Amino acid sequence: MTTGTAPESFGRSLLRTKPVDRIVAEGGHGEGGELKRTMSLLQLTMFSVGATLGTGIFVILGEAVPLAGPAVVLSFVLAAVTALFSALSYAELAGTIPVSGSSYSYAYATLGELVAWVCGWCLLLEYAVSVSAVAVGWGSYLNAFLDGALGVTIPERVANPPWEGGLVNVPAVIVVVFAAFLLLRGTSESAAANTVMVLLKIGVLLFFCAIAFTAFRTGNVAPFAPMGWAGISAAGSKVFFSYIGFDAASTAGEEARNPRRDLPLAIVYSLAIVTALYVLVGLAAVGAMKWTEFSLSGSEASLAQVLDRVSGQAWPSMILSLGAVVAIASVVLTVMYGQTRILFAMSRDGLVPDVFQKVSPRRRVPVANTVIVAGFIALLAAVIPLGRLVDATSIGTLFAFALVGVGVIVLRRTRPDLPRSFRTPLYPVTPLVGVALCVYLMVGLGGVTWTVFAIWIAVGLAAYFLYGRRHSRLAARNAGAIGGSPHE
């Protein structure tokens, strides 16, 4: 690392790493105030479950079943295995570097500033764009509930984006504004509301299984894999979107009561809960309704369709839709929280404007950050269709997850002395397999998705060289322009 007043070379400036001790020491500090440590292990686990559970089952199942047939259950398992290897790497780094930046901060400590910026830029896809996608699906279930309960639906012009026959998706905007309102009230209030919504969501999914399994027919799951392994793999790439969010606990590192102990446990526990429910619900769905009948109309509310077919009555799907309306809101809440905390960490490093790290002394939350993020997400959700959002989110997330696996290996080699509350088992096999599986699923995404990803990265690199690199606080320290913590 270059020190003193000697200028860094261009190449070394891109690879400069931020010391782990400094990253941890700055935890919780923002401009004008500090974040408050209030979250327990239960709340952290519920945050990760809230950010994950529902995204795939409530929204994506109808798009994945036509790709794999009944073998979509194996697609969920494939995606879960990929997520597990990444989750174990996340757990180690979360226990070692318990801060709000998640994989962005891990990359900054291990792979250098440029890679950290690219990772943070990809996290905009994982968090902000996935929230937009889920908000779009939320509107579908709201319509299903209103239709069943009151016999009315939201007019198409204000229920769909321009490319799907509408003008603007108003329900999607409403749920984003609701989540922003909770976040602005405070972290403890948001965590309590999320726990209630997650418990409701689990109850609704178990209710679905109880109804669907009464109509289970072995003929519906034969042939089990009509598209072969290619179909299972293709669906696995798509349903990986449903595991996005298990890392949400890692973004709460600066608001957890005991982050070194609780963050790794919350990540692993949440993934186990989500995987079990996904497989159970997926099996119940394909056993109750022939796979060829899924989402032929393109509706995202596929579970409600299953209940309509198997029960022949309106009340089961109405209960499911009402539960989904409330429960999917928890995904929007928790993932939006994660996005604001990652931007908070990037702002503290100077890579994005200072407004994102300003903390309200009274509420102890980044108010301006939350408002800006909510506005951006609401705009995306209002005008962009779900399908275009899902694949773009998946590829950005897989890239970030792969970097976490690499980060574990690098930090083990460069800082073996660091205290680690959790160690990835079967090292280095586990992180290497995690990286390989992420790359494998990335390859399974379409050419259009790769083109969009390449454009996104190009825009991100331009933003880094035009703003981030010039305002980097680490660069200023290394050049001797300033010293110590920016909060001193």
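Everything below is about the structure shown above.
Conventions we followed
Throughout, a residue's number is its position along its own chain's written sequence, starting from 1. With the structure being a predicted model, the display of local features is reserved for residues of pLDDT at least 70 and the display and counting of side-chain atom pairs for 80 or more, all residues being used for whole-chain, interface and lining totals. Based on all heavy atoms of the structure, the side-chain values leave hydrogens and waters out of the count. One side-chain nitrogen of Lys or Arg within 4 Å of one carboxyl oxygen of Asp or Glu is enough to make a salt bridge. Each helix is a run of DSSP H or I of at least 4 residues and each strand a run of E of at least 2, with the numbering of both proceeding from the N terminus. In this scheme, a residue with accessible area under 20% of its type's maximum is buried, one over 50% is exposed, and one in between is partly exposed, where area comes from a 1.4 Å probe on protein chains only. Ring pairs shown here join Phe, Tyr and Trp side chains whose ring centres sit within 6.5 Å, with only the six-membered ring taken for Trp; geometry is labelled stacked below 30 degrees between planes, edge-to-face above 60, and tilted in between. Counted as over-ring charges are cases with an Arg CZ or a Lys NZ within 6 Å of the ring centre that also lie within 35 degrees of the ring normal. Helix span, as expected, comes to 1.5 Å for every residue beyond the first. A cavity, in this analysis, means grid points on a 1 Å lattice covering only the protein atoms where a 1.4 Å probe fits yet has no way out; a pocket is instead an open set bounded by protein on both sides within 12 Å along at least five of seven lines, and a residue lines either one if it has an atom within 4 Å of a point. Grid points are joined across faces, edges and corners, and a volume is the space filled by probe spheres set on the points. Residues are grouped as follows: nonpolar covers Ala, Val, Leu, Ile, Met, Phe, Trp, Tyr, Cys and Pro; charged covers Asp, Glu, Lys and Arg; every other residue, Gly included, is treated as polar. Orientation is described by lines fitted to C-alpha atoms, with helices fitted over the stretch in contact, and by angles between N-to-C directions that extend from 0 to 180 degrees. Working rule for angles: under 35 degrees goes down as roughly parallel, over 145 as roughly antiparallel, 65 to 115 as roughly perpendicular, anything else as oblique. By convention the crossing between two helices is left-handed if the near helix lies anticlockwise of the far one by an angle smaller than a right angle, and right-handed if it lies clockwise. We call two residues contacting when some pair of their heavy atoms lies within 4.5 Å. Only buried residues count toward a nonpolar core, which is a set of Ala, Val, Leu, Ile, Met, Phe, Trp, Tyr and Cys residues joined through side-chain atoms within 4.5 Å.

### Quick look at the pattern of salt bridges
- Tallied over the full model, the rule gives 11 salt bridges.
- Among the ionic pairs, D349 bridges to K18, the shortest N-O distance being 2.4 Å. One end of the pair, D349, is in the loop between α13 (315-348) and α14 (367-383); the other, K18, is in the loop between α1 (10-15) and α2 (20-25), with 331 residues separating them in the sequence.
- Looking at D349, the relative accessible area reads 7%, which means it is buried.
- Of the residues examined, K18 reaches a relative accessible area of 4% and is grouped as buried.
- Via salt bridges that share partners, K18, E26, E254, R348 and D349 belong to a single interconnected network.

### Topic: the packing of aromatic side chains
- Taken as a whole and assessed by the stated rule, the structure comprises 14 aromatic pairs.
- A centroid spacing of 5.4 Å and a plane angle of 80° characterise the contact between Y90 and F401, whose relative ring orientation is edge-to-face. Linking Y90 in helix α5 (residues 72-96) with F401 in helix α15 (residues 386-414), this pair joins segments that are 311 residues apart in sequence. Of the two residues, Y90 and F401, both sit in the buried class.
- Considering the side-chain rings of Y464 and F465, the 5.1 Å spacing of their centres and the 70° angle between planes classify their relative orientation as edge-to-face.
- On the basis of relative accessibility, which here comes to 0%, the residue Y464 falls in the buried class.
- F465 gets classed as partly exposed once you look at its relative accessible area, which sits at 34%.
- Through successive ring pairs, a cluster of aromatic residues spans W117, W121, W456, Y464 and F465.
- Here the guanidinium or amino end of R412 rests over the ring plane of Y427, the centre of that ring lying 4.2 Å away.

### Points about α5
- If you check α5, its first and last C-alpha atoms are 36 Å apart, about what 25 residues at 1.5 Å a residue would give, namely 36 Å.
- Counting buried residues in α5 gives 20 out of 25 residues, a clear majority hidden from the surface.

### Let's talk about unusual backbone geometry
- For the bond running from A222 to P223, omega is -5°, close enough to zero to count as cis.
- Mapping P223 onto the fold places it in the loop between α9 (187-212) and α10 (228-239).
- Cis rather than trans, the peptide bond between Y427 and P428 has omega equal to 0°.
- Inspection of the secondary structure puts P428 in the loop between α15 and α16 (429-443).
- Backbone geometry at L426 places phi at a positive 55°, although glycine is not the residue there.
- Along the chain, the position of L426 falls in the loop between α15 and α16.

### A short note on empty space enclosed by the protein
- Under the definition given, this model contains two cavities of 30 Å³ or more.
- In this structure, the largest cavity spans a volume of roughly 50 Å³.
- Looking at the lining of the largest cavity, the elements with two or more residues in it are α6 (103-110) and α13.
- Approximately 30 Å³ is the volume found for the second largest cavity.
- Lining the second largest cavity are K18, E26, Y108, R348, D349, R473, L474 and R477.
- With three residues, helix α18 (residues 473-478) is the single largest residue contributor to the lining of the second largest cavity.
- Split into classes, the residues belonging to the lining of the second largest cavity amount to two nonpolar, no polar and six charged.

### Some remarks on the packing of helix α8 (residues 170-185) against α14
- At a minimum axis distance of 9 Å, the contact between α8 and α14 shows a crossing angle of 170°. It follows that α8 is roughly antiparallel to α14 by the angle criterion. The element α8 and its partner α14 pack so that their crossing is right-handed. Seen from α8, the contacting residues are A172, V173, V176, A180, L183 and L184; seen from α14, they are V367, T370, V371, A374, I377, A378, A381 and A382.
- In the contact of α8 with α14, the residues fall into 13 nonpolar, one polar and no charged.

### Some remarks on the nonpolar core
- Membership of the largest hydrophobic core comes to 150 residues, with the highest contact counts inside it found for Y104, V176, F208, Y243, L303 and M336.
- Looking at which element gives the most residues to this core, the answer is helix α7 (residues 113-150), with 21 residues.
- Apart from the residues within four sequence positions on either side, V176 is in contact with A135, V332, M336, A374, I377 and A378.

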